[in-house]
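# Analysis of the macromolecular model
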Amino acid sequence: MRTVADYFGSLVFDDRVMRARLSADVYKSLRKTIDEGKALDLRVANAVAEAMKNWAVEKGATHYTHWFQPLTGVTAEKHDSFISPSPDGSVIMEFSGKELIKGEPDASSFPSGGLRATFEARGYTAWDPTSYAFIKGKTLCIPTAFCSYGGHALDKKTPLLRSMEALNREALRILRLFGNKKAKHVSASVGPEQEYFLITKEMYDKRPDLRFTGRTLFGAKPPKGQEMDDHYFGVIKPTVAAFMEDLNDELWKLGILSKTEHNEVAPAQHEMAPIYTTTNAATDQNQLTMEIMQRVAAKHGLVCLLHEKPFEGVNGSGKHNNWSISTDDGQNLLSPGDTPYENVQFLLFLCAVIKAVDEYQDLLRIAVATAGNDHRLGANEAPPAVVSIFLGDELEEVLKAIETDSPYAGTEQERMEWDVAVLPKFRKDTTDRNRTSPFAFTGNKFEFRMLGSSNSIACTNIMLNAAVTESLRVFADELEQADNFDEALHALLKRTIKEHKRIIFNGNGYDDAWIREMTENRGLLNYRTTADCMPHLMDEKNVKMLTSLGIFTEDELRSRRDIMLENYCKTVTIEANTMINMVRKRIAPAVIRFTADLAHQMSEKRTLFPQLACACESELIVTLSELTDVMKDLTASLEEAVKGLGDAADVIEEAALIRDRVLPAMEELRIPCDKAETLTEKSYWPFPTYGDILFSVK
Ligand code: ADP
Ligand code: MG
């Protein structure tokens, strides 16, 4: 029998294949590029291209593509076949090092936020050897970065790679200060837990809102929702189990370590978590995972919804970003470690994260800002839009002890000696679980929970890598100048804790009182919507940090802000137009038809039995007629609000109009429609209800 081990990674040009198919010296120089970021020469590229092509053709591939991630948020690919004509009329399969390294897709239709004039339509894709090539269908996919003719990054991968390089540089400086001469490379890793909904294709096809916008724009609360909490970790239904089995097979073939799967809290909601890997590979793999989830779902007559809030009143979907940094020799720098010496180093990295999250709260919020995720943050299933850190009681006590120069007061058996530079040792497993914190320390990694389910994880990890790099840079600058390292280190930790402890919060992040405490007393930022936070990408401190570390240019940042805001405006405008259309063409006519039939039946009844009051019918007729009148007015108001967007001077103003006019008008219009749904006889209702959809999969 074929086991998983036999086909795991069979569609990936991974280390095993490289080792087997490349000459020793080519393999060695490629590994140097992958592991240490060394430049690659054309001779090596040619040899790799030849081996890659032969391998892919043996696996049935006919085409290759430079696979990249433009700012649309999805992946892009343009296929070229390997064929090249031979003089005798036959073809040979060819693929050169040049073709491997560089591509020139026409970039004019990808968003550039003003970075590229249309006459300079050329864009370049450049091979990213740190993420393995793979085969999808009959195409060899080569992960690439994408930039404009002028060299500006037009994608998510370029700044991500830059942020990883910066982190490596500054983290190594810190390690050297601790006497570590061995580590050659430091990289950030992430394990993204992916949530999603599965519904039947049949239900999906009947809902224009799902088809056009990915979420339901109407729908009354079903009689049974998630109240019983009976879905979480519940028995997986056969159709879902078959889907998961297929999904795992597809992911495993692509070398994606799909590890954990279970039902989530909401009915029809599920989760998949892969084993963590570098932020770069994890980003590519997560994009692929989302694509494959949708493809596999289709094969099973299902649709996989990746939207952050497909159903109102039901938990939305997020993507928990489990993040850590480690050395090439396997030391996790966020692991408290066994010896006090490691403890101190850990505390320094911990403080770097605390400082980073406090100083760049806004960047973390911005990284997860989309129209979809705005519905989820601050609802009862997701962290609020205010960023804070959960450390757990023990670590908080340790930090307090350092800050106040007092002995660490653990219990007798927990208590640690103060043997190195008055810094405490403590137990390794230091945290309990807190599910409500946006940024929780979970033993040897941080779990950032604000990311939306459909988002690329690139932006989050760019900002996280960047902000922590900045802390490490400042720390290294200070410590490298110190005469007495231990003392300087202690002073630095103490000061950092004092300055940034406001960001630490161990309580219930869903609590309103806490939101007030955070924003009113601690001065933490609360950007509720994308329109609120996105303009702050260009705040001076953010531009300064991101440009000085070489992660973005100022132009790239401005273009990203504009693209993200445009995306927000377009998404909501499509939703608003879909709503108007659904009310006018489907909902109002259905309710009117039901009301007319009721009136007709009532009048017949009265003819036969003049003595009857027909209170039920008449009341219903009145209520429904009033509701359709309200629908008419509110549809007109929404239409006005959408028209008003034309007056905005720029995209920042347009986004504000979306937030202040369009979204509230949508919310209002929904109310009479959902009310009418509860009063209208089912056969008249033009779409499946929440109950129908959420319990559709058998
Ligand atoms: P839970 O839902 O209990 O938080 P899961 O098992 O669903 O846990 O997901 C945890 C994720 O964290 C997995 O993707 C796992 O690979 C990842 N992870 C574990 N250790 C680390 C680490 N040191 N750095 C980054 N990610 C990690
Ligand atoms: Mg999980």
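This section reports on the structure supplied with the text. Source: prediction; values computed, not measured.

Moving on, we get to the overall build of the chain. Within the chain, the regular secondary structure consists of 23 helices and 17 strands. Since a compact globule built from 698 residues should have a radius of gyration of about 26 Å, the 28 Å found for the chain is in line with a globular shape. Dimensions of the chain, computed from C-alpha atoms along their principal axes, come out at roughly 100 × 85 × 60 Å. Relative to its full complement of 698 residues, the chain shows a buried share of 56%. Contacts in the chain between residues at least 24 apart in sequence constitute 73% of all its contacts with a sequence separation of at least 6. If the 82 positive side-chain charges of the chain are averaged to one point and the 103 negative ones to another, these points end up 3 Å apart.

Direction vectors running N to C along helix 20 (residues 554-608) and helix 22 (residues 651-679) enclose 25 degrees, while the axes themselves pass 9 Å from each other. Comparing their axes, helix 22 and helix 20 come out roughly parallel. As for the relative orientation of helix 20 and helix 22, their crossing is left-handed in sense. Residues that form the contact of helix 20 with helix 22 fall into these classes: 21 nonpolar, one polar and seven charged.

Another aspect to go through is the coordination of the magnesium ion (ligand 2). Each protein donor to the magnesium ion (ligand 2) is listed here as Glu193 (OE) and Glu271 (OE); together their distances run 2.1 to 2.3 Å. Of the two residues, Glu193 sits in strand 9 (residues 186-200) while Glu271 sits in strand 11 (residues 269-274), which places them 78 residues apart along the sequence. Given the relative accessible area of 16%, Glu193 is considered buried. By relative accessible area, which is 6% here, Glu271 ends up buried.

The element strand 1 (residues 63-67) is extensively covered by neighbouring structure, given that four of its five residues are classed as buried. For strand 1 and strand 2 (residues 79-81), the ladder comprises three bridges, and the chain directions are antiparallel. Its bridge partner lying in strand 2, Thr65 is registered against His79. In this sheet, strand 8 (residues 139-148) lies alongside strand 1 in parallel orientation, the contact comprising five bridges. Counted as the bridge partner of Trp67 is Pro143 from strand 8.

Helical geometry note: an α-helix holds 3.6 residues per turn, so side chains three or four residues apart project in the same direction. Taking 1.5 Å per residue, 16 residues should reach 22 Å; helix 16 (residues 485-500) reaches 22 Å between its end C-alpha atoms and fits that length. By the burial criterion, the buried members of helix 16 are Ala488, Leu489, His490, Leu492, Leu493, Thr496, Ile497 and His500. With a side-chain oxygen lying 3.1 Å from the backbone nitrogen of Asp486, the N-terminal cap of helix 16 falls on Asn484.

As a further point, take the side chain of His320. Residue placement: His320 occurs in strand 14 (residues 319-327). On the accessibility criterion, His320 (12% relative accessible area) is buried. A polar side-chain atom of His320 sits 2.8 Å from a polar atom in the side chain of Glu447. Residues contacting His320, with those up to four places away along its chain left out, are Gly191, Pro192, Glu193, Arg435, Glu447, Phe448 and Arg449.

What follows covers empty space enclosed by the protein. A probe as big as a water molecule, rolled over the atoms, marks out the empty space that is left. Counted by the stated rule, this structure contains four cavities of 30 Å³ or more. Of the volumes computed, that of the largest cavity is approximately 150 Å³. Lining of the largest cavity is provided by 13 residues; of these, Cys459, Met463, Leu537, Arg560 and Met564 occupy positions nearest its centre. Elements represented by at least two residues in the lining of the largest cavity include exactly helix 12 (361-367), helix 15 (458-480) and helix 20. In the lining of the largest cavity, the residues fall into ten nonpolar, no polar and three charged. Here the second largest cavity defines a volume of roughly 60 Å³. Around the second largest cavity, the lining residues are Val190, Pro192, Gln194, Ile256, Met272, Pro274, Ile275, Thr277, Ala282, Gln285, Asn286 and Thr289.

This brings us to the nonpolar core. Ranked by size, the top nonpolar core spans 133 residues in total, and within it Leu391, Leu638 and Val662 carry the most contacts. Broken down by element, this core gets its largest block of residues, 17 residues, from helix 20. Ignoring anything within four residues of it in the chain, the contact list for Val662 reads Val572, Ala576, Leu638, Ala641, Val642, Leu645 and Leu657. Among the nonpolar cores identified, the runner-up in size contains 25 residues, and Met18, Leu22, Ala49 and Phe82 belong to it.

What follows deals with a nonpolar patch on the surface. A surface patch of nonpolar side chains, amounting to about 280 Å² of accessible area, comprises Leu257, Ile275 and Tyr276. Secondary-structure assignment places Ile275 in the loop between strand 11 and strand 12 (277-278).

Conventions and cut-offs
- Residues numbered from 1 in each chain as written.
- Chains lettered and ligands numbered in written order.
- Predicted model: local features only at pLDDT ≥ 70, side-chain atom pairs only at ≥ 80, totals over all residues.
- Heavy atoms only, no water.
- Helix = DSSP H or I, 4+ residues; strand = E, 2+ residues; numbered from the N terminus.
- Rg over C-alpha atoms; globule rule 2.2 N^0.38 Å.
- Buried < 20%, exposed > 50% of the residue type's maximum accessible area, 1.4 Å probe, protein only.
- Contact = heavy atoms within 4.5 Å.
- Lys, Arg positive; Asp, Glu negative; His and termini not counted.
- Charge placed at Lys NZ, Arg CZ, Asp CG, Glu CD.
- Axes fitted to C-alpha atoms, helices over the stretch in contact; angles between N-to-C directions.
- Parallel < 35°, antiparallel > 145°, perpendicular 65-115°, else oblique.
- Left-handed = near helix turned anticlockwise from the far one by under 90°.
- Nonpolar A, V, L, I, M, F, W, Y, C, P; charged D, E, K, R; others polar.
- Donors = N, O, S within 2.8 Å, 3.2 Å for Na, K, Ca; no water.
- Pairing = 2+ DSSP bridges.
- Expected span 1.5 Å × (residues − 1).
- Polar contact = N/O pair within 3.5 Å; in protein donor to acceptor, adjacent residues only side chain to side chain.
- 1 Å grid on protein atoms, 1.4 Å probe; cavity = no way out; pocket = protein on both sides within 12 Å on 5 of 7 lines; lining within 4 Å.
- Points joined across faces, edges and corners; volume = space filled by probe spheres on them.
- Core = buried A, V, L, I, M, F, W, Y, C linked by side-chain atoms within 4.5 Å.
- Patch = residues over 30% accessible without salt bridge, like charges linked within 9 Å, V, L, I, M, F, W, Y side chains within 5 Å.
- Areas by Shrake-Rupley, 256 points an atom, 1.4 Å probe, with all protein chains shown as cover.
- Salt bridge = Lys/Arg side-chain N within 4 Å of Asp/Glu carboxyl O.

Any functional reading would require information that these geometric values do not contain.
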